[in-house]
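Commentary on secondary and tertiary structure
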Amino acid sequence: MTAGNLGEWHKKIGDEIQPGDVLVEVETDKATMDFECQDEGFLAKIFIDSGAKDVSVNKPIAILVESKDDIDKFKDYTPEAAPAAAAETGATEKKAPEEPAPPKVDKVCVEDNKQAEQPAAEGRVVASPVARKLAAERGIDLAKVKGSGPNGRIVQEDVLNYKAPAPSAATAAPTKGAPAPTPAPAASTAQYEDIPLSNVRKVIANRLTESKQQIPHYYLTVELDADKILKSVNMFMKFGLMLREVLNSQANGKYKLSLNDFVVKAAGLALRDVPEVNSSWQGTYIRQYKTADIAVAVATETGLITPIIPSAETKGLSTISNSIKTLATKARQNKLQPHEYQGGTFTISNLGMYGIDHFTAIINPPHAGILAVGGVEDKLVLDESAEKGFRVKKVMKVTMSSDHRVVDGAVGAKWLGRFREYIEKPLSMLL
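So, how was this worked out
Residues numbered from 1 in each chain as written. Predicted model: local features only at pLDDT ≥ 70, side-chain atom pairs only at ≥ 80, totals over all residues. Heavy atoms only, no water. Pairing = 2+ DSSP bridges. Helix = DSSP H or I, 4+ residues; strand = E, 2+ residues; numbered from the N terminus. Contact = heavy atoms within 4.5 Å. Axes fitted to C-alpha atoms, helices over the stretch in contact; angles between N-to-C directions. Core = buried A, V, L, I, M, F, W, Y, C linked by side-chain atoms within 4.5 Å. Buried < 20%, exposed > 50% of the residue type's maximum accessible area, 1.4 Å probe, protein only. Expected span 1.5 Å × (residues − 1). Phe/Tyr/Trp six-rings, centres within 6.5 Å; stacked < 30°, edge-to-face > 60°.

On to the sheet that holds strand β15 (residues 308–309), then. Spatially, six strands are ordered β9-β18-β17-β16-β12-β15 in an open sheet, and the strand pairing comes out mixed. Each edge of the open sheet carries a strand with a single partner, namely β9 (217–225) and β15. With three bridges connecting them, strand β12 (residues 294–296) and strand β16 (residues 346–350) associate as parallel partners. Within the sheet, the bridge partner assigned to Ala295 lies in β16 and is Thr347. Across the sheet, helix α9 (residues 409–424) is in contact with β9, β16, β17 (369–382) and β18 (390–403); its angle to β9 comes to roughly 25 degrees.

This is the structure we're talking about:
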């Protein structure tokens, strides 16, 4: 992570801060995290307002002081002036001890300031990111705004207080005898909307572009008999109802299994059986993982995210089911912790619930494979034992996208064969 967005401030200037207090929300590329302060003191200054975008890591966002009496002394304090102030402080203490030394700073909470404030070059407008965003939204030319910040830097307040100059009398009144100027045609209303990119969307764009450009994809598709797996889902549902009656509802919801839970379990077992697929390309070597940590694609309002079910091959179906539900809920609430979505060894993307019967997915680096799961549909098949000579069976298609640097075609086919066995003989997952 090199930059993030600031969410809501949980403290205001003058508030006392204790270790562990949530100071502000920080939106990373995957989730919104609570920034907890590790020091005690008082919040004396906030440099960056809520809603600021692309705040660099290590850029100062606030300042804490030890004494509440020092808060007012930082009313006009700016991080850009800190180095000069520090140098000046040393000279003042030596030459003029009667002047009060500047208050002691207990801690500066930061997010990155690698851009030192310099005087604006000829023709260059120096403005804060918030001021630039606000000016763009209001259609204000920053070159016409007078900055009140250090070295004439334009800040948010300058844009908010800006008033367009009234047209001069010479401009307003045409010269006597001169023909009236032809009015310019009214600008047409734009038939589109420019939507700013979220951090999540930026990461998705960069990683998937990198994947398609650098990873040699190939695709293998198989059609699976889903009759038995669907019957198994119903069987476990009925078993769960009986169990809840016996245990006086203690197992409420524990056995509400979906088809996707079986898919994750079957994929984990197939990765255990064919570990060559449970690997990643590392440039000069191939890393083969000992556990099947399966990332499950979840759609959220901000974009796609892939929370991880670690060691899926060792977990029971009910554990997998509950884990997926919990992680999906946290993902949609933007509350996932980094360890819940970083890493993984294989990805599953299921669009069957949207009526998609077949699709191919882009590999999620550094994984060597991703399984695209389509929906279940009816298919007529010949059956001599049936009265009409045919019957209807449930089928579903899955497509595995593989990294050919890691997984050869024969290995990918072997993995799909093992996956098919687990799906078409679901009771084998319990053995």
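Core analysis: the biggest nonpolar cluster contains 48 residues, and Ile348, Leu371, Val398, Trp415, Phe419 and Ile423 have the highest contact counts within it. Going through the elements one at a time, β9, α7 (259–273), β12, α8 (317–332), β16, β17, β18 and α9 are the ones with two or more residues in this core. Looking at this core element by element, the count peaks at nine residues for α7. Beyond its immediate chain neighbours, meaning those up to four positions away, Val398 contacts Leu220, Thr221, Val222, Leu224, Leu371, Ala372, Val373, Leu416 and Phe419. If you look at the next biggest cluster of nonpolar residues, it comprises 15 residues, including Trp9, Val24, Leu43 and Ile61.

A few words on α7. Over its 15 residues, α7 extends 21 Å from the first C-alpha to the last, a length consistent with the 21 Å expected when each residue adds 1.5 Å. Of all 15 residues that make up α7, 13 are buried, and the element is covered over most of its length.

Counted under the stated rule, the structure contains four aromatic pairs. Here the aromatic rings of Phe47 and Tyr77 are separated by 6.2 Å at their centres, their planes lie at 35 degrees, and the arrangement is tilted. Here Tyr77 lies in the loop between β7 (60–65) and α1 (82–95) and Phe47 lies in the loop between β5 (41–46) and β6 (55–56), a separation of 30 residues in the sequence. Arranged with centres 5.4 Å apart and planes meeting at 10 degrees, the rings of Trp415 and Phe419 form a pair that is stacked. Taken together, the residues Trp415 and Phe419, both in helix α9 and four residues apart, mark about one turn of the helix. You can call Trp415 buried: its relative accessible area is 0%. Taking the relative accessible area as the measure of exposure, Phe419 reaches 0% and is therefore buried. Ring pairing ties together the aromatic residues Phe47, Phe74 and Tyr77, which thus form one cluster.

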